[in-house]
Amino acid sequence: MEIAIKDSGAFASAIVKLQAGETFVSESGAMYRTSAEIDSDVTTHSKGKGGILGGLKRLLGGDSFFLSKYTAEGGVAGEVGLAPSLPGDVMKVELDGSSRWLCAGGSYLGSSEELALDTQFQGLRGMLSGENLYFLSVDGQGLLLVGAFGCIREVTFDGEVVVDTGHVVAFEDTLSYEISKAGGSWLRSFLGGEGLVMRFKGTGRLLVQSHNARTFGAKLGRMLPPRKA
């Protein structure tokens, strides 16, 4: 299996090249083209916990209820083109099985069949952050594709880093995090337009996006004409 990232930046996409018999899984609706040799299927089940409950958890986490599966049939190779819903970057992450990756809502684009997908409940932290209640957990050895709104930047650190809640794409589970205010006080945080942040601690890799879909949507919504009854 090979994955090539095309037009990296504002309108990136991925071409997944599958050898005969290989399968790739993606977020439902991410595919924009396939070669004729690819057989497409729709499921709620992944290698991890699946079924209707798994689909509902993904839905609560900001991802789609269904997953799409693409298999190179007929003893020949084929390819699949995938792209995120929002304009932005796509990044390939290679998992070696030493740690899980947790994807923020809507950032999961696809993964090789060997990777197990599950959901991780954020609890009170998810409600406080204003983001989704679940992260999508990706575990095992294989290739993971994530998409973002704007550019993706990787932060590798040993210590502590602070990220606005709306800019987190994915991170290794070797990192712990807590939700806190951005400024010296809650009043300063909200008056400054920052609000809540995630404070990551530990050693690992973190992917962040340059733009925030939630704040963009709020600004765009104010510019639209009112709906007619």
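Keep in mind that what you see is a predicted model, and the values were worked out from it rather than measured.

A.B. asks: Go over a nonpolar patch on the surface with me, naming the residues and quoting the values.
C.D. replies: On the surface, Phe 216, Leu 220, Met 223 and Leu 224 cluster together into a nonpolar patch covering about 440 Å² of accessible area. Residue position: Leu 224 is located in the segment after helix 4 (213–223).

A.B. asks: Can you lay out the sheet that holds strand 3 (residues 23–27) for me, pointing to particular residues and giving the numbers?
C.D. replies: The strand order 5-6-3-10-13-8 describes an open sheet built from six strands, whose pairing is antiparallel. Bordering the open sheet on either side are strand 5 (38–43) and strand 8 (90–96), each of which pairs with just one other strand. Strand-to-strand twist of the sheet, defined as the mean angle between neighbouring strand axes without regard to direction, takes the value 20°. The sheet contact formed by strand 3 and strand 10 (residues 108–112) spans three bridges and is antiparallel. Residue Ser 26 lies in a different strand from strand 10, and its bridge partner there is Gly 110.

A.B. asks: Let's hear about the sheet that holds strand 2 (residues 13–18): which residues, and what values?
C.D. replies: Within the open sheet, the four strands sit side by side as 1-2-7-4. Their pairing is antiparallel. Two strands close off the open sheet at either side, each with one partner strand: strand 1 (2–6) and strand 4 (31–34). Sheet twist, expressed as the mean angle between neighbouring strand axes with direction ignored, is 20°. Examined bridge by bridge, strand 4 and strand 7 (residues 78–82) share three bridges and lie antiparallel to one another.

A.B. asks: How would you summarise the packing of aromatic side chains if you had to cite specific residues and measurements?
C.D. replies: Evaluation of the coordinates by the stated rule reveals six aromatic pairs. Their ring planes at 85° and their centres at 5.4 Å tell us that Phe 135 and Phe 171 sit as a pair that is edge-to-face. Here Phe 135, found in strand 12 (residues 134–139), pairs with Phe 171, found in strand 15 (residues 168–172); they are 36 residues apart in sequence, far enough to count as distant. Take Phe 171: its relative accessible area is 1%, and that puts it in the buried class. Look at Phe 171 and Tyr 177: their rings are 5.9 Å apart centre to centre, the planes differ by 75°, and that puts the pair in the edge-to-face class. Neither Phe 171 nor Tyr 177 differs from the other in exposure class; each is buried. Among the aromatic side chains, those forming a connected cluster through ring pairs are Phe 135, Phe 171, Tyr 177 and Phe 200.

A.B. asks: Go over the pattern of salt bridges with me, naming the residues and quoting the values.
C.D. replies: Scanning the model with the defined rule gives four salt bridges in all. Put simply, Glu 79 and Arg 33 hold a salt bridge, and the shortest N to O gap is 2.9 Å. In this pair, Glu 79 sits in strand 7 while Arg 33 sits in strand 4, placing the two residues 46 residues apart along the sequence. On the accessibility criterion, Glu 79 (21% relative accessible area) is partly exposed. Glu 154 is the salt-bridge partner of Arg 205, the closest N and O atoms lying 3.0 Å from each other.

A.B. asks: With reference to specific residues and values, describe the nonpolar core.
C.D. replies: Looking at soluble globular proteins, one finds that nonpolar side chains tend to be buried together. With 18 residues, the main nonpolar core has Cys 103, Tyr 108, Val 138, Leu 144, Val 146 and Leu 207 as its most contacted residues. Secondary structure elements with two or more residues in this core: strand 8, strand 9 (101–103), strand 12, strand 13 (141–147) and strand 15. When sequence neighbours within four positions are dropped, the list of residues in contact with Val 146 reads Asp 89, Val 90, Met 91, Cys 103, Ser 107, Leu 109, Ile 152, Val 169, Ala 170 and Leu 207. The next biggest cluster of nonpolar side chains, apart from the first, holds 16 residues, and it includes Ala 14, Phe 24, Ile 38 and Tyr 70.

A.B. asks: Lay out the pairing of strand 2 with the relevant residues and their values.
C.D. replies: Along strand 2, five of the six residues are buried, which leaves the element largely enclosed by surrounding structure. Relative to strand 2, strand 1 is paired through five bridges, and the arrangement is antiparallel. Across the sheet, Ile 3 pairs through a bridge with Val 16, a residue of strand 2. Following strand 1, the chain reverses through six residues before pairing antiparallel with strand 2; Asp 7 in that reversal takes a positive phi of roughly 55°. One ladder, built from five bridges, connects strand 2 with strand 7; its direction is antiparallel. Within strand 7, the residue paired with Ile 15 across the bridge is Gly 81.

A.B. asks: Requested: an account of the confidence of the model for the chain, with residues and values cited.
C.D. replies: Looking at the chain as a whole, its pLDDT mean stands at 85, while 79% of the residues score no less than 70. Within the chain, strand 2 carries the highest mean pLDDT (98), whereas helix 1 (residues 51–60) carries the lowest (51).

Reading guide: rules and limits
- Residues numbered from 1 in each chain as written.
- Predicted model: local features only at pLDDT ≥ 70, side-chain atom pairs only at ≥ 80, totals over all residues.
- Heavy atoms only, no water.
- Patch = residues over 30% accessible without salt bridge, like charges linked within 9 Å, V, L, I, M, F, W, Y side chains within 5 Å.
- Areas by Shrake-Rupley, 256 points an atom, 1.4 Å probe, with all protein chains shown as cover.
- Salt bridge = Lys/Arg side-chain N within 4 Å of Asp/Glu carboxyl O.
- Helix = DSSP H or I, 4+ residues; strand = E, 2+ residues; numbered from the N terminus.
- Pairing = 2+ DSSP bridges.
- Axes fitted to C-alpha atoms, helices over the stretch in contact; angles between N-to-C directions.
- Phe/Tyr/Trp six-rings, centres within 6.5 Å; stacked < 30°, edge-to-face > 60°.
- Buried < 20%, exposed > 50% of the residue type's maximum accessible area, 1.4 Å probe, protein only.
- Core = buried A, V, L, I, M, F, W, Y, C linked by side-chain atoms within 4.5 Å.
- Contact = heavy atoms within 4.5 Å.
- pLDDT = per-residue confidence, 0-100.

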